Amino acid sequence: MIFEKVLSTINKHNLIEDGDKVVLGLSGGPDSVCLLHILYRLKEKMNIEVYAAHLNHQIRGIEAQKDALYISQICEDLGITSFVKSINVPQYCKENGLSVEEGARKLRYEMFEEIKKKTKSNKIAIGHNLNDQAETVLMRIMRGTGLQGLKGIAYIRDKEIIRPILDIERSEIEAYCNQYELNPRIDKTNLESIYTRNKIRLELIPYMKDNFNPNVTESIVRMTSSLKNDSDYIESESNKMFKEISILKDDSVEINLNKYADLHNAIKVRVLRSGIKHILGDTNFIDQKHIDDVMELENESKINKMLTLPRGIFAYRRKNIIILTTKEIVSEDMDFCYNIPSNGFIKIKELNLILETQTMSIDRYKSIKLDKTSKGFDFDKVKGGIVVRSRKQGDKVKLVAGSKKIKDLFIDLKIPREDRCKVPVVTDDEGILCVGHYKTSEDYKIDSETKEVLKVSFKKL
């Protein structure tokens, strides 16, 4: 019965074709062992070759070694070539700043790809089942997924990763293993509520069955099927837009904001996910919250801002583009210098900024209201000509607590590294009057002796 159901799934979704070479991810548990046996039975029927791949994560000690021995033996009994690799996953995750779940998955798929190339295979088979589908959807709901996440695990991804037993319940799989005396290995950690997925499997779903719907697993899977058609249509439209408004490079994607801004939010979300997928190969561990954060970069107030996303992705907002990349962009220092009149204005084209100056009596100065972009200085304390320029190495400004390097001031003010070169410095022949609108020097402070004031205003174009 199960064999026929799996064969039906394979044919319906065109998962395996005549002559395919398939690498199977074989953990030794009931799901992957059941799939191994079914693929073994299909070898002659569909003229396919099957290879088994097992990764020892070095987490479960002697039990993991027993898993590897079991896999070698069952593959030998079935006449299937097996590959076993051992990697210290906890150490790898610690060195690379990854969770154990994320790191283990990354290493498994790297191993699958390695064996796929070595054996010249064209498919990778994974043993996800019907219950995994429901558990995954519930996990994604709790992370705040969108429609793409609600449609669940795909039968086939990237035309090579296939899931032939996705329509089979776990109980059916266990019955199949008993019927053919396959004696799969049982990972005892799967029986403990120590991971989110385990808690969903062992606690949440049983509770939902007992209190709400005894067929909740089937209901969730039925929902994923009905949502898939809607999602696939929106996905196809977003793919067209992604190609139209994006410039693709090996490690980055530049999205044209002028065209992006007019799109529906449903398309915007998918364009961003497509960009991340182009760079990483998938969007695993990129949640809806991360996408929402990137979408906020569209706001004009976010120009030149940067976000850090999971898995080493950076999102940058520039004037007309959003850049998604795995490489941190360090802005080159701008070099500019302009003479400032005591009454008038100059345009700092590098910063898209107008600097306006005005001299006035102290009485008039006291009668006007300054906003945060304007500063006042004792004009009699200014020595020589006034200039506005980019910062220089070793620049210092006199503050109440003493002189401070501008570099240290930027750090204290938490001004992003890439924005520091864009802060104008106003100086005379002897010192610094102000650092943008952030700080003014004590050396030019207005006091009881001040008679004439130099007012300096910074205005964005």
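### A closer look at the pairing of strand β18 (residues 402–405)
For strand β17 (residues 396–399) and β18, the ladder comprises four bridges, and the chain directions are antiparallel. Within the sheet, the bridge partner assigned to Lys 396 lies in β18 and is Lys 405. Hairpin remark: β17 followed by β18, antiparallel, with two residues in the connecting loop.

### Looking at the nonpolar core
In terms of nonpolar packing, the biggest core is built from 38 residues, with Ile 38, Leu 39 and Leu 42 touching the most fellow members. Those elements that place two or more of their residues in this core are α1 (2–12), β1 (21–25), α2 (30–46), β2 (49–56), α3 (62–78) and α8 (170–179). By residue number, the principal contributor to this core is α2, which donates eight residues. Setting aside its immediate chain neighbours within four residues, Leu 39 contacts Ile 16, Val 22, Leu 24, Ile 48, Val 50 and Ala 125.

### A closer look at the packing of aromatic side chains
In this structure the tally under the stated criterion is six aromatic pairs. We note Arg 41 situated over the ring of Phe 3; from NZ or CZ to the ring centre the distance is 4.0 Å. Over the face of the ring belonging to Tyr 109 we find Arg 105, whose NZ or CZ atom lies 4.4 Å from the ring centre.

### Digging into the sheet that holds strand β13 (residues 344–348)
Spatially, β13-β14-β22-β15 is the arrangement adopted by the four strands of the open sheet, whose pairing is antiparallel. The sheet terminates laterally at β13 and β15 (374–378), the two strands that pair on one side only. Neighbour to neighbour, the strand axes of the sheet diverge by 20° on average, direction disregarded. Here β13 runs beside strand β14 (residues 353–361); their pairing, made up of five bridges, is antiparallel. Counterpart to Ile 348 in the pairing with β14 is Leu 353.

### Let's talk about the pairing of strand β20 (residues 432–435)
Every regular strand shows the same layout, with side chains that alternate between the two sheet faces. Relative to β20, strand β19 (residues 425–427) runs antiparallel, the two sharing three bridges. Each bridged residue has a counterpart across the sheet, and for Val 425 the counterpart in β20 is Val 435. Hairpin connection from β19 to β20: four residues lie between these consecutive antiparallel strands. Here β20 pairs with strand β21 (residues 439–440) via two bridges, running antiparallel. Counterpart to Cys 434 in the pairing with β21 is Thr 440. With antiparallel pairing between neighbouring strands as the criterion, β20 and β21 make up a hairpin whose turn holds three residues, including Gly 436 at a positive phi of roughly 55°.

Thresholds applied
Each residue is numbered by its place in its chain's sequence as written, counting from 1. In keeping with the predicted nature of the model, local features appear solely for residues at pLDDT of at least 70, side-chain atom pairs appear and are counted solely at 80 or more, and the whole-chain, interface and lining totals rest on all residues. Side-chain measures were taken over the full set of non-hydrogen atoms in the model, leaving aside hydrogen atoms and water. Paired strands, in this sense, are two strands between which DSSP finds at least two bridges. Helix and strand assignments come from DSSP, with helices taken as H or I runs of at least 4 residues and strands as E runs of at least 2, each series counted from the N terminus. We call a set of buried Ala, Val, Leu, Ile, Met, Phe, Trp, Tyr and Cys residues a nonpolar core when their side-chain atoms join them within 4.5 Å. Relative accessible area decides the class of each residue, using a 1.4 Å probe on protein chains only: under 20% of the type maximum gives buried, over 50% gives exposed, and in between gives partly exposed. We call two residues in contact when some of their heavy atoms are within 4.5 Å. What counts as a ring pair is set by centres within 6.5 Å for rings of Phe, Tyr and Trp (its six-membered ring), and what kind of pair is set by the plane angle: stacked under 30 degrees, edge-to-face over 60, tilted for all other angles. Placement of a charge over a ring requires the Lys NZ or Arg CZ to be within 6 Å of the ring centre, with the centre-to-atom vector within 35 degrees of the ring normal. Under this scheme, a helix contributes an axis fitted over its contacting stretch, all axes are lines through C-alpha atoms, and angles between N-to-C directions fall in the 0 to 180 degree range.

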